[in-house]
Amino acid sequence: MTFDDITALQSAERKAAWADVARRIAHEIKNPLTPIQLSAERLKRRFMKEISSDTETFGLCVDTIVRHVGDIGRMVDEFSAFARMPAPELKEADLGRLLREAIVLQKNAHPEIAFETSGLTAKGPMVTCDRRLIGQALTNLLQNAADAITMSSQDRRAADMGEESADSLRKGEINVALRVEPAHVDIMISDDGTGLPETDRHRLTEPYITHKPKGTGLGLAIVKKIMDDHHGTISLEDRGDKQGTIAILTLPRHNVLGQG
């Protein structure tokens, strides 16, 4: 009698099936988005000045259409990214620089959040990786952390009975730490946001599993796929005695796929 562990095979088959679903969804949804947005914007430009009654409602409705089309567009982009994940092209890259670039982008997008770093030096560490894919993984995790802080802020405002004073707005913070070992590097991204859900937390890196109201469940799945392709790992943990989450990426410094 022979027993074979087919866990990896089953996981690969599930990912391939989900990728096909994502590809079909992206194709069917993306085509009508542009004409919807352009039509809404044209309505606003053409008729805003001609409407004599309740122009505020008209403008609000058009802006709502455009905003939600943008939200759907970003979701479609995630579907496309998951469906078309390329094989990594491994070269030597400065991981510290990739981290700094990803942090700068999120700082500009979320000026209300404080970003702290530790372990980053002026140069290095050098790792064998696909620069673009690792940058995408870092961006996804930083965006996840920012989303968790936003969700926590909204919960706090609701608890404060809708107060809009500056003191009631919870800004939050994201900490990025880099730890260098001889064979690998650890990247730890922690936030003081809403934290991990009580249910399905062990499945958050699977496709279409999410606890965010507008989430697609693909952000962490993309990160997991990138780390698998780099022979690395991703783990999600509670922050400990504080509210929030710690995402830990472990990446080999000299990936076997990149060795000649």
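About the cut-offs
- Residues numbered from 1 in each chain as written.
- Predicted model: local features only at pLDDT ≥ 70, side-chain atom pairs only at ≥ 80, totals over all residues.
- Heavy atoms only, no water.
- UniProt positions renumbered as here; feature names shortened; annotations may be inferred.
- Core = buried A, V, L, I, M, F, W, Y, C linked by side-chain atoms within 4.5 Å.
- Buried < 20%, exposed > 50% of the residue type's maximum accessible area, 1.4 Å probe, protein only.
- Helix = DSSP H or I, 4+ residues; strand = E, 2+ residues; numbered from the N terminus.
- Contact = heavy atoms within 4.5 Å.
- Pairing = 2+ DSSP bridges.

Going by what an unreviewed UniProt entry lists, the protein chain is known as histidine kinase and is assigned to Sorlinia euscelidii. UniProt's Catalytic activity (unreviewed entry) comment on the protein chain is quoted here verbatim: "ATP + protein L-histidine = ADP + protein N-phospho-L-histidine."

1. Regarding the nonpolar core
What tends to happen in soluble globular proteins is that the nonpolar side chains get buried as a cluster. With 38 residues, the main nonpolar core has I134 and I174 as its most contacted residues. With 9 residues, helix α4 (residues 131–159) is the single largest residue contributor to this core. Residues in contact with I134, not counting those within four places in the same chain, are L95, L98, C129, I226, M227, H230 and L251. In terms of nonpolar packing, the next biggest core, distinct from the first, is built from 6 residues, A26, V69, F79 and L218 among them.

2. Quick notes on the pairing of strand β5 (residues 184–191)
With 7 of its 8 residues buried, β5 lies for the most part within the structure. When strand β4 (residues 173–180) meets β5, the two strands line up antiparallel, connected through 7 bridges. The residue of β5 that forms the bridge with L178 is I187. Here β4 folds back onto β5 in antiparallel fashion, the turn holding 3 residues. As paired elements, β5 and strand β7 (residues 245–252) share 8 bridges and run antiparallel to each other. Residue pairing in the sheet places S190 in a bridge with I246 of β7.

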